[in-house]
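The primary structure of each chain is shown beneath.
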Amino acid sequence: AVLEPHVTANRSVDDLVTLAVRRAGAVPPSARFLLLDAATLEITDTIDVGTGAGQVALTDDAAWVTNYSDATVSRVDTDAREVTDTIEVGAGASGVATTPGAVWVANSTDGTVSRIDTASRTSHVLTKLVLDDMGVHPKFTLLPAEEGLARAKGTKGALVIGDRGFGVRANHVIDLGREWTRMTG
């Protein structure tokens, strides 16, 4: 397949330069995230991400790739060389930028901006592992803390991190630390 360059990242991670590409002619456009050796520009790895991949932003440990058609962002662990999370954002994810502790996504179709809290990503992944161990596989939607707590009613839950967690009163509370200890011994 002919590869059409879509966007390049603005800095390298270690000795790798990143480049997101779209396979020309695919319907819907499937996307791959390519890792290139900075010295030789040889492709060192390809990683499948969502459809309509576009912009890329880098943090110290990850590349964040917008997927316009999916209304998602793929988090690519640049060390493990795999997608570790796919996060729902607004419609038409078309721009991405990073700041300490956050990834910001411009959503051109619905005219919104999504904020992904990178500081809570470990707890998010741990929650998925714990629930998977319990045989529960919910759909996750990232929301601002206040909105998530307000929606956590009936069959919907919320991951509450930090001091906010001390004030939560709910029918069922899972202590992630206790569950991690149970799972790992």
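This text goes with the structure placed above it.
Below, the structure is looked at part by part. Remember, predicted model here, so these are calculated numbers, not experimental data.

### Some words on the overall build of the protein
Line of reasoning, step 1. The secondary structure content of the protein amounts to three helices and 11 strands.
Line of reasoning, step 2. Overall, the protein shows an N-to-C arrangement of helices and strands of β-β-β-β-β-β-β-β-β-β-β-α-α-α.
Line of reasoning, step 3. With 185 residues in all, the protein has 34% of them scored as buried.
Line of reasoning, step 4. Sequence separation of at least 24 residues holds for 32% of the intrachain contacts in the protein that already meet a minimum separation of 6.

### Thoughts on the pattern of salt bridges
Line of reasoning, step 1. If you walk through the whole model with that rule in mind, you get five salt bridges.
Line of reasoning, step 2. A salt bridge links Arg 75 to Asp 61; its shortest N-O distance comes to 3.0 Å. With Arg 75 in strand β7 (residues 72–77) and Asp 61 in the loop between β5 (53–58) and β6 (62–67), the pair connects residues that are 14 residues apart, well separated along the chain.
Line of reasoning, step 3. Taking the relative accessible area as the measure of exposure, Arg 75 reaches 11% and is therefore buried.

### A few points about the environment of Arg 81
Line of reasoning, step 1. The topology assignment puts Arg 81 in the loop between β7 and β8 (82–88).
Line of reasoning, step 2. Residues Arg 81 and Ala 62, 19 residues apart in the sequence, show an inter-C-alpha distance of 9.3 Å.

### Topic: helix α3 (residues 176–184)
Line of reasoning, step 1. N-cap assignment for α3: the residue whose side-chain oxygen lies 2.9 Å from the backbone N of Gly 177 is Asp 175.
Line of reasoning, step 2. Just downstream of α3, Gly 185 is the residue with a positive phi angle, here 85°.

### A short note on the nonpolar core
Line of reasoning, step 1. Ala 57, Ala 62, Trp 64, Val 73, Ile 87, Val 89, Ala 93, Val 96, Val 103, Val 105 and Ile 116 together form the largest nonpolar core, which totals 11 residues.
Line of reasoning, step 2. Counting residues in each nonpolar core, the second largest holds 10 residues, with Phe 33, Val 49, Ala 53 and Val 56 among its members.

### Here we look at the sheet that holds strand β10 (residues 102–107)
Line of reasoning, step 1. Spatially, the three strands line up as an open sheet ordered β9-β10-β11, and their pairing is antiparallel. For this open sheet the edge positions go to β9 (93–99) and β11 (112–117), each flanked by a neighbour on one side alone. Averaged over all pairs of adjacent strands, the angle between strand axes in this sheet comes to 20°, irrespective of strand direction.
Line of reasoning, step 2. Note that β10 and β11 share six bridges and pair antiparallel. Bridge pairing in β11 places Trp 104 opposite Arg 115.

### Notes on the sheet that holds β5
Line of reasoning, step 1. The four strands are arranged β5-β6-β7-β8 in an open sheet whose pairing can be described as antiparallel. Single-partner strands in this sheet number two, and they are β5 and β8. For this sheet, the mean inter-axis angle between neighbouring strands, taken without regard to orientation, is 25°.
Line of reasoning, step 2. Pairing analysis gives six bridges linking β6 to β7, with the strands arranged antiparallel. Bridged to Ala 63 within β7 is Val 76.

### Comments concerning the side chain of Ser 74
Line of reasoning, step 1. Relative to the elements of secondary structure, Ser 74 occurs in strand β7.
Line of reasoning, step 2. Engagement of the side chain of Ser 74 in a polar contact is seen with the side chain of Asn 67, the distance being 2.8 Å.
Line of reasoning, step 3. Residues in contact with Ser 74, not counting those within four places in the same chain, are Val 49, Gly 50, Ala 63, Trp 64, Val 65, Asn 67, Val 83, Asp 85 and Thr 86.

### A word on unusual backbone geometry
Line of reasoning, step 1. The backbone of Ala 71 shows a phi angle near 55°, a positive value even though the residue is not glycine.
Line of reasoning, step 2. Of note, Ala 71 is situated in the loop between β6 and β7.
Line of reasoning, step 3. The buried category is assigned to Ala 71, whose relative accessible area is 18%.
Line of reasoning, step 4. Unusually for a residue other than glycine, Arg 81 sits at a positive phi of about 60°.

Conventions used here
Residues numbered from 1 in each chain as written. Predicted model: local features only at pLDDT ≥ 70, side-chain atom pairs only at ≥ 80, totals over all residues. Heavy atoms only, no water. Helix = DSSP H or I, 4+ residues; strand = E, 2+ residues; numbered from the N terminus. Buried < 20%, exposed > 50% of the residue type's maximum accessible area, 1.4 Å probe, protein only. Contact = heavy atoms within 4.5 Å. Salt bridge = Lys/Arg side-chain N within 4 Å of Asp/Glu carboxyl O. Polar contact = N/O pair within 3.5 Å; in protein donor to acceptor, adjacent residues only side chain to side chain. Core = buried A, V, L, I, M, F, W, Y, C linked by side-chain atoms within 4.5 Å. Pairing = 2+ DSSP bridges. Axes fitted to C-alpha atoms, helices over the stretch in contact; angles between N-to-C directions.

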